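Spelled out, the chains give:
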Amino acid sequence: MKETIKSYDDVDNWKTVMFLYNAALKEVGTKLDILNDEFQHVHQYNPIEHIKTRIKTPESIVKKLKRNGYETSIENMVRYINDIAGVRLICSFTSDIYRLAEMIGNQSDLKVLSIKDYIKNPKDSGYKSYHMLVSVPIFLSDSVVETKVEIQIRTIAMDFWASLEHKIYYKFEGNAPAYISRDLQECAEMVSALDERMLSLNEAVLSCSREQDK
Ligand code: GTP
Ligand code: MG
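Per chain, residue numbering runs from 1 following the sequence as it is written. Chain A is the first chain written and ligand 1 is the first ligand written, with later ones labelled in order. Under the rules for a predicted model, residues below a pLDDT of 70 receive no local features and side-chain atom pairs below 80 are neither given nor counted, while totals for whole chains, interfaces and linings still include all residues. Hydrogen atoms and water are omitted, and side-chain values are computed over all heavy atoms in the structure.

Trainee: Which residues make up the packing of aromatic side chains, and what are the values?
Mentor: Note on aromatic pairs: the rings of Phe, Tyr and Trp (six-membered ring only in Trp) are paired at centre separations within 6.5 Å, and the planes decide the class, stacked below 30 degrees, edge-to-face beyond 60, tilted for the rest. Throughout the structure, instances matching the rule amount to five aromatic pairs. Measuring from centroid to centroid gives 6.2 Å for Phe 39 and Tyr 45, while their planes differ by 65°, and the two rings are edge-to-face. Throughout this description, buried means an accessible area under 20% of the type-specific maximum (1.4 Å probe, protein chains only), exposed means over 50%, and partly exposed covers the range between. For Phe 39, a relative accessible area of 10% puts it in the buried group. A centroid spacing of 3.8 Å and a plane angle of 5° characterise the contact between Tyr 70 and Tyr 80, whose relative ring orientation is stacked. A residue pair is termed long-range when its members are at least 10 positions apart, and Tyr 70 in the loop between helix H2 (58-67) and helix H3 (74-80) and Tyr 80 in helix H3 qualify at 10 residues. Assessed through its relative accessible area of 30%, Tyr 70 is described here as partly exposed. We classify Tyr 80 as partly exposed; its relative accessible area is 32%. Where helices and strands are cited, they refer to DSSP runs of H or I of at least four residues and of E of at least two residues respectively, numbered from the N terminus.

Structure representation (structure tokens):
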């Protein structure tokens, strides 16, 4: 990097921006690993089943800008595209999702910019997930740059559904035959029912273990 980064206004090349988003992913990824380890240490239990991180490809950044009516520019992408850096947290139980969201919200250096709870308010498609848009400070040699990261938190079952739905959406370019959309919605209901039963089962197991420990 030749130029010094003071803020995004100074950022005039793609590589520098991508460097920042990569740094933000690393920061958030490490924070989540630590939270997970701490939870394991205190409660002998991992709320996170696994973590996936990804950087949006240049093609999909440009496509999304166009779709939303913005010209392709670095300034527009930094301002309007919130999911350039994305982290997906997959949990076993719905209760883990809210536990994690709270732990993330309590990190004093993370700013929560917005929350979308598609578990309490699922999308028409049936999509369920908990989304947090956060910004994380990236400490550079002589400045600090706040960088956005989209965190999606969902159960294994929600993730299973979302990946198939995503595949179908792309296959039919958003115009899937009615019976497929209907089937998907039904599957989404089955996912919710499964998540609820698995949670109750787990709670039953936990209370049995507590009884035994007495
Ligand atoms: P995007 O323009 O799609 O990013 O949506 P948005 O800016 O309105 O944000 P939203 O929180 O609705 O969605 C962000 C991300 O959630 C998407 O990029 C997808 O990864 C995921 N997502 C949202 N809706 C759906 C859905 O119906 N199906 C699937 N499979 N994923 C979804
Ligand atoms: Mg997206």
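Trainee: Just give me the short version of the site of ligand 1, but keep the residues and values in it.
Mentor: One heavy atom suffices: a residue is near a molecule or strand as soon as one of its heavy atoms comes within 4 Å of it. Residues in contact with ligand 1 amount to 15 residues; listed here are only the nearest, Lys 64, Tyr 118, Lys 123, His 131 and Glu 165. In this structure, an oxygen atom belonging to ligand 1 sits 2.8 Å away from a side-chain N or O atom of His 131. Taking Ala 162, its main chain carries an N or O atom lying 3.1 Å from a nitrogen atom of ligand 1. For the accessible areas, the method is Shrake-Rupley and the probe is 1.4 Å, while residue cover comes only from the protein chains on display. Coverage of ligand 1 by the protein amounts to 69% of the 590 Å² it exposes when considered alone. Counting of polar contacts relies on pairs of N or O atoms within 3.5 Å, with two restrictions inside protein: one atom must be capable of donating a hydrogen and the other of accepting it, and residues adjacent in sequence are counted only when both atoms are side-chain atoms.

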